[in-house]
Amino acid sequence: MKATDIRKGHVVLIDGQPCRVLDFTHRTPGNLRAFVQVRFRNLVTGNTFDQRLAATDFVDEARLDKKEMQVLYQDGGGVHVMDQQTYEQYTLDERAVGEDTPWLQPEMVVQVEWLDGRPIAIELPPVIELQVVDTAPVMKTATKNASTKPAKLSNGVTVQVPDFVSPGERIRVDPRSGEYLERAK
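Small disclaimer: the values here were computed from a predicted structure and weren't measured.

Parameters and conventions
- Residues numbered from 1 in each chain as written.
- Predicted model: local features only at pLDDT ≥ 70, side-chain atom pairs only at ≥ 80, totals over all residues.
- Heavy atoms only, no water.
- Pairing = 2+ DSSP bridges.
- Helix = DSSP H or I, 4+ residues; strand = E, 2+ residues; numbered from the N terminus.
- Axes fitted to C-alpha atoms, helices over the stretch in contact; angles between N-to-C directions.
- Core = buried A, V, L, I, M, F, W, Y, C linked by side-chain atoms within 4.5 Å.
- Buried < 20%, exposed > 50% of the residue type's maximum accessible area, 1.4 Å probe, protein only.
- Contact = heavy atoms within 4.5 Å.
- Phe/Tyr/Trp six-rings, centres within 6.5 Å; stacked < 30°, edge-to-face > 60°.
- Lys NZ or Arg CZ within 6 Å of the ring centre and 35° of its normal.

Here we have five strands laid out as an open sheet, ordered 13-12-11-14-15, and antiparallel in their pairing. Strands at the two margins of the open sheet, each flanked by one partner only, are strand 13 (158–162) and strand 15 (179–183). Across the sheet, the mean angle from the axis of one strand to that of its neighbour is 55°, orientation sign disregarded. Two elements, strand 11 (residues 128–135) and strand 14 (residues 170–174), share four bridges in a ladder whose sense is antiparallel. Bridge pairing links Ile128 to Val173 in strand 14.

Shown next, in the form of structure tokens:
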């Protein structure tokens, strides 16, 4: 794949190591040649690094397998998941789960990415439904377009919600960005 085709989330091989693209910027300075500035996370070591690639460079895309897995539980050893077809159980360590740990709940179905027979990352569903545990009281003058307030959810994560949301309500959240989407129906 050409360096200019790199996008956020791609997994490429850098020096034989699988690395996920965290961020990229395509630049074409005045009279110089175009280049792509890329921030990678090494999926084996967990280290983050920046690299500049010429626009004409080629990188090898890592071939990933995806399996749909169900989250069983979390403990000190990691997140335990089960393949829904074969009922085999696996433990995902902190490097594979990353910052997504608070969003994982028992019985949730996630996509697990595999490279060379081992899990390297998870992909959360686009929407998660959670209960608001604690937030400021509802304002009588609150409208749909009013300001926001912090709300603690049942998984312990705090997100910004509109003023009309009250404790005990169920809301829908995008776990990738941590944004409030709507009230659950």
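That shown, we press on.
As paired strands, strand 1 (residues 11–14) and strand 2 (residues 17–27) are joined by four bridges and run antiparallel to one another. Each bridged residue has a counterpart across the sheet, and for Val12 the counterpart in strand 2 is Cys19. Connecting strand 1 to the antiparallel partner strand 2 that follows it, the hairpin turn spans two residues, and Asp15 within it adopts a positive phi of roughly 55°. Two strands pair when backbone bridges link them, and strand 2 and strand 3 (residues 35–42) are joined in this way by eight bridges, in the antiparallel orientation. Bridging across to strand 3, Thr25 finds its partner in Gln37.

One recurring pattern in soluble globular proteins: nonpolar side chains tend to sit buried together. Counting 28 residues, the largest nonpolar core has Leu92, Trp103, Leu104, Leu153, Val159 and Ile171 as its most contacted members. Those elements giving two or more residues to this core turn out to be strand 6 (65–75), strand 7 (78–83), helix 1 (94–97), strand 9 (109–115), strand 11, strand 12 (148–153), strand 13 and strand 14. Excluding residues within four positions of it along the chain, Trp103 makes contact with Met108, Leu124, Ile128, Leu130, Leu153, Asn155, Val157, Val159, Val173, Pro175 and Gly178. Grouped together as the second largest cluster of nonpolar side chains are eleven residues, Ile14, Val36, Val38 and Leu53 included.

Let us look at the environment of Leu13. Along the polypeptide, Leu13 turns up in strand 1. Taking the C-alpha atoms as reference, Leu13 lies 9.5 Å from Arg63; in sequence the two are 50 residues apart.

Turning our eyes to something else, we now look at the packing of aromatic side chains. Under the counting rule described, the total for this entry stands at two aromatic pairs. Here Tyr90 and Trp114 contribute two aromatic rings whose centre-to-centre distance is 4.9 Å and whose plane-to-plane angle is 75°, an arrangement assigned as edge-to-face. With Tyr90 in strand 8 (residues 89–92) and Trp114 in strand 9, the pair connects residues that are 24 residues apart, well separated along the chain. The ring centre of Phe35 lies 4.1 Å from the NZ or CZ of Arg52, which sits over that ring. The ring of Trp114 carries Lys67 above its face, with NZ or CZ at 4.7 Å from the centroid.

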